[in-house]
Amino acid sequence: MTPSDPAPRLAALDQFRGYTVAGMLLVNFVGSYAAVRAVAPVLAHHHTYCSYADTIMPQFLFAVGVAFRLTFRKRAAAGAGAAYRHALRRNLALLLVAFAVYAVGSRWEAWENAAQRDAVLLRWAKQDLFQTLAHIAVTSVWVLPVIGARPGVRTAYAVGSGALHLALSYWFNYRWANMPPNGVDGGPLGFLTWAVPLLVGTLAADWADASTRPRYAAKLLAWGVVVMALGYGMSCLHLAPADIDGWNFDITLSPAPPPLVHIDTRPPTNDLFTMSQRSGSLTYPLFGAGVSLAVLGLFVLACDVGGVQLGMFRTFGTNALAAYIIHGLVFASVKPLVPRDAPMWFVAAACAVALGLCYVFVRHLEKHRLYLRL
C-alpha cells in the first residue's frame, strides 16, 4: 500500500490509548499513598527499576508516534511542506497548552530577590513544565526531521538520540536531574530518550500497512519481546556518572533488578543504565517501547481480530487530551480530602470516585461530539 492508500483504521489504537489514559489516572491517584506503596508498590514510581507506573508514559509517546506517522503520511501526500508546517504549529500549540496546564509550583515574591527568582525558574524548568504534554510536544518537534523518512533512518535517529542522552548523562545530566529540585520524566533533556518509544511507534504504524491483522499482532508481540529484552539487557550494564567514574568510562556487567518486581532501594543509584523515570535513562523508555509494542499487539488481537472493545477505553482514547486536562482538575479537588496515611479501602474508594468523575465528564463530551484536539 502507498501512503495515499492506507490500511483501515486500527480500532486497537483508540483502545490502547484509552487503556493508557486509564492507567495514568490510576497510578497518578494512588501512587503517593502509604497503603498502596506497602501493598502494591509497583503502582508508584520508584526510579530504581521499571514499575507498572513507569510503563504508562512510554505508551503515551508510542501512541503519539503511531498517530503522528499516520497523519503525517496522509498530509504529506498533498504536500510535504504543508505537512511539516502543520506538525510544527500543532506541537508548538501543545507546548503552550502545557504551559497553561502545569502551574508553576513556587512563587517569585519580590522583584529584587534574584535567588528566589532563580529557584522558581529552576523548579519550573525541571519539574513544573517538563511533564507529559511538554515532553510530547518537544519530542515530536525533535523527531520532525525524520518523521517522513524510511525506517532505517528513523531507527538510526532513535539510536543516535539515545546515545546522545547517555553521553550527556555521563557528563552532567544524570547528576543534575537527580539534584533537588529533581527532574520529572528526564527533565528538559528527556526528549532525547522519549524519541525512542515515539519512533518505535512510527515503525509500528508502517507495519500495519503490510500485514493482515493477525500477522500484525504477531509482529508487534514478537518485536515487543525483543525490544523488552534489549532494554533489560542494557540495564545489566552499569556505569557511574563522570564525577564518580573519574572519566574512566568503566562499564561493568551484572544482573539488574527485574522490571515490574519491586526493589526497595532509594534513588539515585548512580548508575546511568538503571531504569529510572526521574533520569529518563535510555534503558527505561527502551523497555517501555517494548511493553508498548506487546500491549498494542494484544489490543489488535482483542479488538481488530476478536471484535472486543471497552466503552471506557474508547471514551478516554478518542478524547485523550481532554481526559488529561480534566483529570488534573478532578484530582486537585479529591486528593486533598484523602490523607497520605489513609487505609487502603479509603484510598480505593476515593480513587473510584475520582476516576468515575473523570469518565463522566469525558463521556459527556463524547455524547455531544466535543473532542479536544490540536
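Residues numbered from 1 in each chain as written. Predicted model: local features only at pLDDT ≥ 70, side-chain atom pairs only at ≥ 80, totals over all residues. Heavy atoms only, no water.

1. A word on the overall build of the protein chain
We count it as follows: We count a stretch as a helix when DSSP gives it H or I for four or more residues in a row; a strand needs E for two or more, and each element gets its number in order from the N terminus. Radius of gyration: over C-alpha atoms. The globule rule applied is 2.2 Å multiplied by the number of residues raised to the 0.38 power. Accessible area is worked out with a 1.4 Å probe on protein chains only. A residue is then buried under 20% of its type maximum, exposed over 50%, and partly exposed in between. Contact criterion: two residues are considered in contact whenever any of their non-hydrogen atoms come within 4.5 Å of each other. Method for areas: the Shrake-Rupley scheme with a 1.4 Å probe, in which residue coverage is limited to the protein chains shown. Counting rule for charge: Lys and Arg are taken as positive, Asp and Glu as negative, and neither His nor the chain ends is counted. A single reference atom marks each charge: NZ on Lys, CZ on Arg, CG on Asp, CD on Glu.
A tally of regular secondary structure across the protein chain gives 14 helices and 2 strands. On C-alpha atoms alone, the protein chain measures out to a radius of gyration of 21 Å, which is about the 21 Å that the 2.2 N^0.38 rule sets for 374 residues. With the C-alpha coordinates aligned to their principal axes, the bounding extent of the protein chain is approximately 55 × 50 × 45 Å. For the protein chain, with 374 residues in total, the buried portion stands at 49%. Look at the contacts in the protein chain between residues 6 or more apart in sequence, and 79% of them connect residues 24 or more apart. Accessible area of the protein chain: about 16,900 Å², with a carbon and sulfur share of 67%. Separation between the mean location of the 29 positive side-chain charges and that of the 18 negative ones in the protein chain comes to 11 Å.

2. A word on helix α8 (residues 191-207)
Convention followed: Expected span of a helix: the number of residues minus one, times 1.5 Å.
Here α8 is 17 residues long and its end C-alpha atoms lie 24 Å apart, about the 24 Å a rise of 1.5 Å per residue gives. Counting buried residues along α8, 17 of its 17 residues qualify, which places the element largely inside the surrounding structure.

3. Structural notes on a positive patch on the surface
Here is the rule: To count toward a patch, a residue needs a relative accessible area over 30% and no salt bridge; like charges are then connected within 9 Å, while nonpolar side chains (Val, Leu, Ile, Met, Phe, Trp, Tyr) are connected within 5 Å. The rule for a salt bridge is simple: a side-chain nitrogen of Lys or Arg has to be within 4 Å of a carboxyl oxygen of Asp or Glu.
On the surface, a cluster of positive charge is contributed by K74, R75, R85 and R89. Only α3 (56-76) and α4 (80-101) provide two or more residues apiece to the positive patch. Assessed through its relative accessible area of 51%, R85 is described here as exposed.

4. Some points on the nonpolar core
Under the convention used in this document: Here, nonpolar core means buried Ala, Val, Leu, Ile, Met, Phe, Trp, Tyr and Cys residues that are tied together by side-chain atoms lying within 4.5 Å of each other.
F29 and Y216 are the most contacted members of the largest nonpolar core, which has 97 residues in total. Setting aside residues up to four positions removed in sequence, Y216 forms contacts with L10, A204, A205, W207, A208, S211, L296 and V300.

5. Considering empty space enclosed by the protein
Here is the rule we go by: Using a grid of 1 Å spacing that covers the protein atoms alone, one calls a set of points a cavity when a 1.4 Å probe fits there but cannot get out, and a pocket when the set is open and has protein on both sides within 12 Å along at least five of seven lines; lining residues are those with an atom within 4 Å of a point. Grid points are joined across faces, edges and corners, and a volume is the space filled by probe spheres set on the points. In the scheme used here, Gly and all other residues not listed as nonpolar or charged are polar, with Ala, Val, Leu, Ile, Met, Phe, Trp, Tyr, Cys and Pro taken as nonpolar and Asp, Glu, Lys and Arg as charged.
Considering all chains together, one arrives at 3 cavities of 30 Å³ or more under this definition. Considered as a void within the structure, the largest cavity measures approximately 50 Å³ in volume. Considered class by class, the residues forming the lining of the largest cavity number 4 nonpolar, 4 polar and no charged. Computed from the structure, the second largest cavity encloses a volume of approximately 40 Å³. Every residue lining the second largest cavity is listed: F68, T71, F72, R75, A83, H86, A87 and R90. Taken together, the elements giving at least two residues each to the lining of the second largest cavity come down to α3 and α4. Considering only residue class, the lining of the second largest cavity consists of 4 nonpolar, 2 polar and 2 charged.

6. A short note on the confidence of the model for the protein chain
Predicted coordinates in areas of low pLDDT are best not read in detail. Spelled out, the test is: Known as pLDDT, the predictor's confidence for each residue is given on a scale from 0 to 100.
Summarising the model, the protein chain shows a mean pLDDT of 94, and 98% of its residues fall at 70 or more. Between the elements of the protein chain, mean pLDDT differs from a low of 91, seen in helix α5 (residues 114-128), to a high of 98, seen in strand β1 (residues 237-238). Contacts of residues 1-7 to residues separated by more than four positions or lying in other chains number 8 contacts, the stretch itself having pLDDT below 50.

7. Thoughts on the packing of aromatic side chains
What counts is decided by this rule: Only Phe, Tyr and Trp rings are paired, with Trp represented by its six-membered ring, and only when their centres lie within 6.5 Å; those with planes under 30 degrees apart are stacked, over 60 edge-to-face, the remainder tilted. For a lysine, the NZ atom is tested; for an arginine, the CZ atom; a charge sits over a ring if that atom is within 6 Å of the ring centre and within 35 degrees of the ring normal.
A full pass over the atoms with the stated rule returns 20 aromatic pairs. The interplanar angle of 75° and the centroid separation of 6.1 Å between the aromatic rings of Y19 and F313 together place this pair among those described as edge-to-face. Pair noted here: Y19 is in helix α1 (residues 11-30) and F313 is in helix α12 (residues 311-318), with a separation of 294 residues, a long-range link. On the accessibility criterion, Y19 (18% relative accessible area) is buried. Taken together, a centroid distance of 6.3 Å and an interplanar angle of 90° make the contact between Y102 and Y324 edge-to-face. With Y102 in the loop between α4 and α5 and Y324 in helix α13 (residues 320-334), this pair connects stretches of sequence that are 222 residues apart. Across this residue pair, the class does not change: Y102 and Y324 are buried. Through a chain of ring-to-ring contacts, the aromatic side chains of F16, Y19, F62, F299 and F313 assemble into a single cluster. Of note, K126 hangs over the ring of W176, and the distance from its end group to the ring centre comes to 4.4 Å.

8. Here we look at the packing of α8 against helix α11 (residues 283-305)
Test applied: All axes here are fitted lines through C-alpha atoms, helices being fitted over the stretch that makes contact, and every angle between N-to-C directions spans 0 to 180 degrees. Oblique is the label for every angle not falling under 35 degrees (roughly parallel), over 145 degrees (roughly antiparallel), or within 65 to 115 degrees (roughly perpendicular). Here a crossing is taken to be left-handed if its near helix is turned anticlockwise relative to the far helix by less than a right angle, and right-handed if that turn runs clockwise.
At their nearest, the axes of α8 and α11 sit 8 Å apart, and the two run at 25° to each other. Taken together, the axes of α8 and α11 lie roughly parallel to each other. For the pair α8 and α11, the sense of crossing is right-handed. For the pair formed by α8 and α11, the contact residues are T193, W194, V196, P197, V200, A204 and W207 on the first element and Y284, P285, L286, A289 and L293 on the second. Classifying every residue of the contact of α8 with α11 by side-chain character gives 11 nonpolar, 1 polar and no charged.

9. Some details on the environment of R213
The condition that has to hold: Counting of polar contacts relies on pairs of N or O atoms within 3.5 Å, with two restrictions inside protein: one atom must be capable of donating a hydrogen and the other of accepting it, and residues adjacent in sequence are counted only when both atoms are side-chain atoms.
Counting through the fold element by element, R213 comes out in helix α9 (residues 213-235). Residue classification places R213 among the buried residues on the basis of a relative accessible area of 16%. There is a polar contact of 3.5 Å between the side chain of R213 and the backbone oxygen of A208.

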